[in-house]
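Residue-level listing of the chains:
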Amino acid sequence: MTTAQKKGQQALKGKVQYQFKNGQCSYTFWVPELQPCSPESPTLGPSYSTQKNQSLTIQMRLLFTHQMEKLENALRNSTQRLEKLEENIQTILRTELQQAQQNIVQKHTGFILELGTSLLAQTTAQTLKLTNMEAQVLNQTLNMEKQMLEMMQTTEKLGKQMQEQNHTLHHLHGHNRPPPLLLLGAQPMITSSSRPTPAWLIFSSLHLLTRDPHTGEQEAGSPPCRADEHVFQDCEDICRSGVNQDGVYTIRIPNLNKTKRVFCVMDTDGGAWTVIQRRENGTVNFQRNWQDYKQGFGHPAGEHWLGNEAVHQLTSSAKYSLRLEMEDWDGNTSQANFKHFQLGSKEEFYKIFVNGYSGEMPQLGNVILWNNTFSTHDADHDNCGCNCAQIMSGGWWFDSCGGSNLNGIYYPAGQHLHKINGIRWNFFRGTTYSLRATRMMMRPLHS
Ligand SMILES: [Ca+2]
């Protein structure tokens, strides 16, 4: 509240004008003018004293009002100062708070950056280590492949030298005597001098198969084919039913509640062969995984893999023999025969059991497949620190990558040389020669 005092500019007779202003309101007072005191004046008496007291009261009120006004102003000034002080304090506190927050953010950011840098450095170091290890492994693998190739080339040279020595010995002993390999108990071998064309006609001449390798006499105990059975376990069963034509037939695999289509090579003299593998033109991809080799694939009338499980069940239900037939790109053929043949279970990784070998290099023949487990690129069960199926391709009983792989990559004519991952049988055409055609087949053991 504000108050103004004005003293009247014009005095009425014997009175003095006082004006007060409070806000928008103004008040006017007329106060009697004090007369100089005269003790002798008979007019001064009680009336004069009363007027004087009233004037003093008004002056006191005015003075009080003035003091109050000063006090209010002082209070207002103090309030304003306090407000400014509070504002300054808040400003200072806000500034300090912001500064503190910035400091905290900077510290956290610095810590996170430092941590990130440290992790990045560690990751980089680990990546470098992994890269170095990968490079070392790759180099070692390449070195191993190179050494293996060199070893195979050396083996191939030794094989050629051995063949030349055999040839020399043959000439030294005279042309009327058979070559040494045949004297060592091999099955009749198709040599280049007696090679017919086409070569597979030789395989159809199965009367050779049933003859004793030493005497050339007919094998004893070869049952004649008959037609009194209706559920066929294998091609020999079909042959016994009276069928004597080569072709695709249906058999029921023992212990498996399903049938299989197979190609049968009928031989009325010596039973019939159930074909379990055939390569002849590269129309079927043999780069398969474990499951495919387990179940079989391809076409029985063409390129075909009967399946490890079926062969395991067949060879577990009866005694079987195994024959492998091979042909190179010049029409040369060769055979490998195993009198005893059995395939282990999937828990044994379809380990192959062969014995009673006859074929080229008879002293070493059993070793080429003997007791090796089956491997594919996704199931490494070989005896090498490497993965032979990845290096050699296909699925096979590799050992330490071994001396054979009839399921390798099919290379066409002109591309079949210097290949370690082709269709290979080291005893026939060496370690880097990829063959033109192969056939694997089995039949019950003839005593
Ligand atoms: Ca291995």
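Note that this is a predicted model, so its numbers are computed, not measured. (Residues numbered from 1 in each chain as written. Predicted model: local features only at pLDDT ≥ 70, side-chain atom pairs only at ≥ 80, totals over all residues. Heavy atoms only, no water.)

**Concerning the coordination of the calcium ion**
Bound to the calcium ion on the protein side are Asp-380 (OD), Asp-380 (OD), Asp-382 (OD), Cys-384 (O) and Cys-386 (O), at distances that span 2.2 to 2.6 Å. Motif for the calcium ion, donor spacing along one chain: D-x1-D-x1-C-x1-C. The class of Asp-382 is buried, set by a relative accessible area of 11%. A residue is classified by how much of its surface remains accessible, and Cys-384, at 18% relative accessible area, is buried. (Donors = N, O, S within 2.8 Å, 3.2 Å for Na, K, Ca; no water. Buried < 20%, exposed > 50% of the residue type's maximum accessible area, 1.4 Å probe, protein only.)

**Brief notes about the side chain of Ser-241**
Tracing the sequence through the fold places Ser-241 in the loop between helix H4 (235-240) and strand S4 (247-252). Here Ile-238 takes part through its backbone oxygen, which lies 2.4 Å from a polar atom of the side chain of Ser-241. (Helix = DSSP H or I, 4+ residues; strand = E, 2+ residues; numbered from the N terminus. Polar contact = N/O pair within 3.5 Å; in protein donor to acceptor, adjacent residues only side chain to side chain.)

**Digging into a nonpolar patch on the surface**
The grouping of Leu-82, Leu-85, Ile-89 and Leu-93 at the surface amounts to a nonpolar patch, some 390 Å² of accessible area in total. Residue Leu-82 is classed as exposed on the basis of its relative accessible area of 57%. (Patch = residues over 30% accessible without salt bridge, like charges linked within 9 Å, V, L, I, M, F, W, Y side chains within 5 Å. Areas by Shrake-Rupley, 256 points an atom, 1.4 Å probe, with all protein chains shown as cover. Salt bridge = Lys/Arg side-chain N within 4 Å of Asp/Glu carboxyl O.)

**Some details on the pattern of salt bridges**
All chains considered together, the criterion is met by seven salt bridges. Here Arg-240 ties to Asp-237 by a salt bridge, and the two come within 3.6 Å at their closest N and O atoms. Linking Arg-240 with Asp-237, this pair stays in helix H4, spanning three residues, or about one helical turn. Exposure class is identical for Arg-240 and Asp-237. Each is buried. The residue Glu-325 makes a salt bridge to Arg-439 at a minimum N-O spacing of 2.9 Å.

**Looking at the packing of aromatic side chains**
The full count for this structure, using the stated rule, is 13 aromatic pairs. On the basis of an interplanar angle of 75° and a centroid distance of 5.3 Å, the ring pair of Tyr-293 and Trp-305 is categorised as edge-to-face. With Tyr-293 in helix H5 (residues 290-295) and Trp-305 in strand S8 (residues 304-305), this pair connects stretches of sequence that are 12 residues apart. The same class applies to Tyr-293 as to Trp-305, namely buried. Chaining the aromatic ring pairs together yields one cluster made of Phe-286, Trp-290, Tyr-293, Phe-297, Trp-305, Phe-349, Tyr-350, Phe-374, Trp-396 and Trp-397. Note that Arg-279 overlies the ring of Phe-286, its terminal NZ or CZ placed 3.9 Å from the centroid. Here the guanidinium or amino end of Arg-288 rests over the ring plane of Phe-297, the centre of that ring lying 4.3 Å away. (Phe/Tyr/Trp six-rings, centres within 6.5 Å; stacked < 30°, edge-to-face > 60°. Lys NZ or Arg CZ within 6 Å of the ring centre and 35° of its normal.)

**Here we look at unusual backbone geometry**
Phi angles above zero are rare outside glycine, and Tyr-350 is one such case at about 50°. Secondary-structure assignment places Tyr-350 in the loop between strand S10 (333-343) and strand S11 (352-359). Its relative accessible area of 0% is what places Tyr-350 among the buried residues.

**As for the confidence of the model for the protein chain**
Across the protein chain, the average pLDDT comes to 79, with 75% of residues at or above 70. Long-range and interchain partners of residues 1-9, a stretch whose pLDDT sits below 50, account for 24 contacts in this model, where long-range means more than four residues apart. (pLDDT = per-residue confidence, 0-100. Contact = heavy atoms within 4.5 Å.)

**Some details on the nonpolar core**
The biggest cluster of nonpolar side chains holds 62 residues, and the ones touching the most others in it are Phe-341 and Trp-425. Filtering out sequence-adjacent residues up to four positions away, Trp-425 remains in contact with Leu-324, Met-326, Ala-336, Ile-368, Leu-369, Trp-396, Gly-403, Ser-404, Leu-406, Gly-430 and Leu-435. Counting residues in hydrophobic clusters, the runner-up holds five residues, among them Phe-263, Val-265, Trp-273 and Val-275. (Core = buried A, V, L, I, M, F, W, Y, C linked by side-chain atoms within 4.5 Å.)

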